[in-house]
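Geometric and topological summary
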Amino acid sequence: MSSSRFDSSKQYTTTSLVIGYALCSSLLAVINKFAITYFNYPGLLTALQYLTCTVAVWLLGKLGFLHHDPFTWETAKKFLPAAIVFYLAIFTNTNLLRHANVDTFIVFRSLTPLLVAIADTVFRGQPLPSRLTFLSLIVILAGAVGYVATDSAFTLTAYSWALAYLVTITTEMVYIKHMVSHLGLNIWGYVLYNNLLSLMIAPIFWFLTGEHTEVFAAVNENRGNLFEPVAFSAVALSCVFGFLISYFGFAARNAISATAFTVTGVVNKFLTVVINVLIWDKHATPVGLVCLLFTICGGVGYQQSVALDKPLLDSEKDNKKDSEKGEEDEELTPLNQGKLASVV
């Protein structure tokens, strides 16, 4: 009887974690778009998110709710290259959302398995994808090309940021995990280092991009009325959800199988598209949405084909696992990437 109650309680907890992750993940891209629409300072927005996550981890650690590795400069130096690439991924992601809609972001995010597969084959000596995997990648590419071709809101600026984001997020997926895996940090230690170091890097980009002049000009122009309720609410919401995705993402990953986690991620994409279409007009055309769904379906086929691939030699398994994690970790980024101890 007690065993039955325990199993029921465990199932309830797992369901709650999955629902929490699904809600946070599917809403986060839309919330970030909402935030950047009313608070048009991507560098400052991401810095506030890094600050929120860093303070939350430190404070909850002090209160005994979680355990994280202590911050040391020796470890920070080793972690710095990963933090820089992570910052660039989030920076380009936020600027992409600044200049394009959420659908464009999802399309380019869905292209990552294609680039990861190419990088694995060319730079890491992995075998060529199987026929089914290759077909799935072609479907992803075809859907993305169709989306771009029918995007009435196409601008060179938006797609430049999209390409920059695609390159940085692929770099992180293929190389960065190998750079930090030997550091032996726990989950919350990873989150702390990722966000604290990114917070330290942020001022450099404020001055390189000239965003600091925009912020100072806005402060001077709106002296006495610095906090607009809508903008403040949007930023606060994005910061809260950025931290929540850290907890629910890692907890759900530990509570369910990798396949179930991946399926949840795919469902989250569809939910994001539906929510984005329902709440406002900042979305793709009907034809563009069909191409977007086509791309997502290609991602589903990619996951299935990976699962059906022949067992690899032990020496190849770790590399293959990292390649598969590319698409699987998709919901851990933007900013959900970041707050999730990485992404990506």
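Along every chain, residues carry numbers that run from 1 in the direction the sequence is written. Reporting of local features is limited, given that this is a predicted model, to residues whose pLDDT is at least 70; pairs of side-chain atoms are given and counted only at 80 or more, and all residues count toward the totals for whole chains, interfaces and linings. No hydrogens and no water enter the side-chain calculation; it runs on all heavy atoms of the structure.

Some thoughts on the overall build of the protein chain
Each helix is a run of H or I in the DSSP string that is no shorter than four residues. Each strand is a run of E no shorter than two, and both are numbered from the N terminus. Helix and strand content of the protein chain: 14 helices and 0 strands. Reading the secondary structure of the protein chain in the N-to-C direction produces α-α-α-α-α-α-α-α-α-α-α-α-α-α. Note on exposure labels: buried denotes an accessible area under 20% of the residue type's maximum, exposed denotes more than 50%, and partly exposed covers the range between, all computed with a 1.4 Å probe on protein chains only. Within the span of the protein chain, comprising 344 residues, buried residues form 51% of the whole. Any two residues whose heavy atoms approach within 4.5 Å at even a single point are treated as in contact. When contacts within the protein chain are restricted to residue pairs at least 6 apart in sequence, long-range pairs at least 24 apart make up 87% of them. The protein chains shown are the only cover counted for residues, whose accessible areas, like all others here, come from Shrake-Rupley with a 1.4 Å probe. A total of about 16300 Å² of accessible surface is found on the protein chain, and carbon and sulfur atoms cover 69% of it.

Section: the pattern of salt bridges
Think of a salt bridge as a Lys or Arg side-chain nitrogen and an Asp or Glu carboxyl oxygen that are within 4 Å of each other. With the rule as written, the count across this model stands at 1 salt bridge. Here Glu-214 ties to Arg-98 by a salt bridge, and the two come within 3.7 Å at their closest N and O atoms. Highlighted residues: Glu-214 in helix α9 (residues 211-221) and Arg-98 in helix α3 (residues 73-99), separated in sequence by 116 residues. Under the relative-accessibility criterion, Glu-214 is labelled partly exposed at 35%. Judged by relative accessible area, which is 26%, Arg-98 ranks as partly exposed.

A few points about the packing of aromatic side chains
Only centres within 6.5 Å qualify two rings of Phe, Tyr or Trp (six-membered ring in Trp) as a pair; their planes then separate them into stacked at under 30 degrees, edge-to-face at over 60, and tilted for everything else. One pass over the full model with this rule turns up 15 aromatic pairs. Note on Phe-71 and Trp-73: the rings are 5.3 Å apart at their centroids and 80° apart in plane angle, and the pair reads as edge-to-face. Since its relative accessible area comes to 27%, Phe-71 is described here as partly exposed.

What to know about the side chain of Lys-33
Structurally, the position occupied by Lys-33 is in helix α1 (residues 2-38). You can call Lys-33 buried: its relative accessible area is 7%. Polar side-chain contacts of Lys-33 include one of 2.7 Å to the backbone oxygen of Leu-97. Any pair of N or O atoms that falls within 3.5 Å is considered a polar contact. Within protein, one atom must be able to donate a hydrogen and the other to accept it, and sequence-neighbouring residues count only if both atoms are side-chain atoms.

Some thoughts on the confidence of the model for the protein chain
What pLDDT conveys is the predictor's confidence in a given residue, as a value from 0 to 100. Here the protein chain shows a mean pLDDT of 75. Residues at 70 or above account for 74%. Note on residues 1-6: pLDDT is under 50 here. Beyond four places in sequence and across chains, it has 0 contacts. Low pLDDT, under 50, characterises residues 310-344; the predicted model gives this stretch 126 contacts beyond four residues in sequence or across chains.

Let's talk about the environment of Thr-285
If you trace the backbone, Thr-285 turns up in the loop between α11 (258-279) and α12 (286-308). Sequence-wise, Thr-285 and Asp-103 are 182 residues apart; in three dimensions their C-alpha atoms are separated by 9.9 Å.

Structural notes on the nonpolar core
Here, nonpolar core refers to any group of buried Ala, Val, Leu, Ile, Met, Phe, Trp, Tyr and Cys residues whose side-chain atoms link them within 4.5 Å. With 43 residues, the main nonpolar core has Phe-105, Ile-106, Phe-108, Leu-111 and Leu-292 as its most contacted residues. No other element matches the 8 residues that helix α7 (residues 156-180) contributes to this core. Counting residues in hydrophobic clusters, the runner-up holds 17 residues, among them Ala-47, Ala-76, Ala-82 and Phe-205.

Some thoughts on α3
Expected helix span is given by 1.5 Å per residue-to-residue step, counting one fewer step than there are residues. Here α3 is 27 residues long and its end C-alpha atoms lie 36 Å apart, about the 39 Å a rise of 1.5 Å per residue gives. We define the bend at each residue as the angle formed by axes fitted to the 7 residues ending at it and the 7 residues starting at it. A bend of about 50° at Phe-79 is the largest found in α3, and the proline Pro-81 appears one to four places after it.

Comments concerning the environment of Leu-292
Here Leu-292 shows up in helix α12. Measuring from C-alpha to C-alpha, the distance between Leu-292 and Ala-144 comes to 6.9 Å, with 148 residues separating the pair along the chain. For Leu-292, the residues in contact, after removing those within four places along its chain, are Asp-103, Ile-106, Val-107, Tyr-147 and Val-273.

Overview of the packing of helix α2 (residues 42-62) against α3
Closest axis-to-axis distance for the α2/α3 pair is 9 Å, and the angle between their directions is 130°. By the angle between their axes, α2 is oblique relative to α3. Handedness of the α2/α3 crossing: right-handed. For the pair α2 and α3, the contacting residues are Pro-42, Leu-45, Thr-46 and Tyr-50 in the first and Phe-86, Tyr-87, Ile-90, Thr-94, Asn-95 and Arg-98 in the second. Gly counts as polar in this scheme, as do all residues outside two lists: the nonpolar Ala, Val, Leu, Ile, Met, Phe, Trp, Tyr, Cys and Pro, and the charged Asp, Glu, Lys and Arg. Looking at the contact of α2 with α3 residue by residue, the classes come out as 6 nonpolar, 3 polar and 1 charged. Orientation is described by axes fitted as lines to C-alpha atoms, over the contacting stretch for helices, and by angles from 0 to 180 degrees between their N-to-C directions. Here roughly perpendicular refers to angles of 65 to 115 degrees, roughly parallel to angles under 35, roughly antiparallel to angles over 145, and oblique to all remaining angles. Crossing handedness follows the turn of the near helix against the far one: under a right angle anticlockwise gives a left-handed crossing, and clockwise gives a right-handed one.

Some details on helix α4 (residues 102-110)
Of all the 9 residues making up α4, 9 are buried; the element is thus mostly covered by neighbouring parts of the structure. For α4, the set of buried residues is Val-102, Asp-103, Thr-104, Phe-105, Ile-106, Val-107, Phe-108, Arg-109 and Ser-110.

Considering the packing of α3 against helix α8 (residues 187-209)
Packing of α3 against α8 brings their axes to within 8 Å, and their N-to-C directions diverge by 60°. In terms of axis orientation, α3 runs oblique to α8. Remark: the crossing between α3 and α8 carries right-handed chirality. Contact residues: α3 offers Trp-73, Thr-75, Ala-76, Phe-79, Leu-80, Ala-83, Ile-84, Phe-86, Tyr-87, Leu-88 and Phe-91, while α8 offers Tyr-190, Tyr-193, Asn-194, Leu-197, Ser-198, Met-200, Ile-201, Ala-202, Phe-205 and Thr-209. Partitioned by chemical class, the residues of the contact of α3 with α8 number 17 nonpolar, 4 polar and no charged.

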